[in-house]
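Observations on the model geometry
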Amino acid sequence: MKHVRVTASVDPERAPPLFDRLANSSAIDRARVLDWNLTSEDAMILFALDGDPAPVADSAAEFRGVDRLEVSGGEGEQEGRLLLHVQRSAVPIFSCLASALDAGGLIVRTPVVFRDGEVHARIVGDPGPLQDAFEQQRGDIDVRIDEISSTPAVDGESTNGLSDRQREAVVAATELGYYETPREATHEDVADALGCSPQTAGNHLRKAEAKLVDAALDEVVSTV
């Protein structure tokens, strides 16, 4: 059994607006596909957004092929959910993944991560159908295989992995003495170091701390 890590990117000048908002927006740290139904042309895709979902919702009219868009999380919030009802052929990444799944012989694991102009995916099975699907879109999509192994890859973009911004917040908080007893820094101090609002700094820290606790608990359980 093969475990494959794949990264795909789209030419910024040719990227569909939907991909651009999910992968390149400064308001969204990353977008993760939590679940999807790509079995028909009218696909449904559920995203978790680490960041403010408002720019995506406000740009809905620009998204070719999107029949309906539902967002939870109001303006100014730092996390949200996005449910897309979209024609899969309208977004080359979705079209390629769907074609590969239709060909059989592989599973695309979730989350699939949109971030910094790229899409990161993990696959179990034969990567051949996926390579063939991307080859057909070569003018629009650049793809690389990062790793092929016989064991599951440890993915820094997994649910328990910290985003860059969360990692920066934890590092800044540690250096400032936020985790000392007694505490030597506040959310305001961390916010000044990150160049963001105290509320945003607090959100980054809470999310990072929750992920670190989950990872620690997983490690404890695995040794019992």
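Residues numbered from 1 in each chain as written. Predicted model: local features only at pLDDT ≥ 70, side-chain atom pairs only at ≥ 80, totals over all residues. Heavy atoms only, no water.

1. Observations concerning the sheet that holds strand β2 (residues 28–37)
Here we have eight strands laid out as an open sheet, ordered β4-β5-β3-β2-β6-β7-β1-β8, and antiparallel in their pairing. The open sheet is flanked by β4 (66–72) and β8 (141–149), the only strands paired with a single partner. Shown here is a sheet whose adjacent strand axes are inclined to one another by a mean of 20 degrees, direction ignored. Pairing analysis gives six bridges linking β4 to strand β5 (residues 79–87), with the strands arranged antiparallel. Looking at β5, one finds that Leu-69 is bridged to Leu-84. Packed onto the sheet, helix α3 (residues 92–103) meets β1 (3–10), β2, β3 (42–51), β6 (106–115), β7 (118–125) and β8 and runs at close to 170 degrees relative to β6. (Pairing = 2+ DSSP bridges. Helix = DSSP H or I, 4+ residues; strand = E, 2+ residues; numbered from the N terminus. Axes fitted to C-alpha atoms, helices over the stretch in contact; angles between N-to-C directions. Contact = heavy atoms within 4.5 Å.)

2. A word on the pattern of salt bridges
Going through the model one piece at a time under the given rule, you end up with twelve salt bridges. Note that Glu-118 and Arg-144 form a salt bridge whose closest N and O atoms lie 3.4 Å from each other. Taken as a pair, Glu-118 in strand β7 and Arg-144 in strand β8 lie far apart in primary sequence, 26 residues in all. Using a relative accessible area of 41% as the deciding quantity, one classes Arg-144 as partly exposed. Here the salt bridges share partners, and the residues they tie into one network are Asp-20, Arg-21 and Glu-62. (Salt bridge = Lys/Arg side-chain N within 4 Å of Asp/Glu carboxyl O. Buried < 20%, exposed > 50% of the residue type's maximum accessible area, 1.4 Å probe, protein only.)

3. Topic: the packing of helix α5 (residues 164–176) against helix α6 (residues 187–194)
In contact at an axis separation of 9 Å, α5 and α6 are set at 120 degrees when each is read in the N-to-C sense. Relative to α6, the element α5 lies oblique. As for the relative orientation of α5 and α6, their crossing is right-handed in sense. On α6, the residues touching Arg-165, Glu-168, Ala-169, Ala-172, Ala-173 and Leu-176 of α5 are Asp-189, Val-190, Ala-193 and Leu-194. Along the lines of polarity and charge, the residues of the contact of α5 with α6 split into seven nonpolar, no polar and three charged. (Parallel < 35°, antiparallel > 145°, perpendicular 65-115°, else oblique. Left-handed = near helix turned anticlockwise from the far one by under 90°. Nonpolar A, V, L, I, M, F, W, Y, C, P; charged D, E, K, R; others polar.)

4. Some thoughts on the environment of Leu-194
Relative to the assigned elements, Leu-194 resides in helix α6. Separated by 26 residues in the primary sequence, Leu-194 and Glu-168 have C-alpha atoms spaced 7.6 Å apart. Among all residues touching Leu-194, those that are not within four sequence positions of it are Arg-165, Glu-168, Ala-169, Ala-172 and Ala-201.

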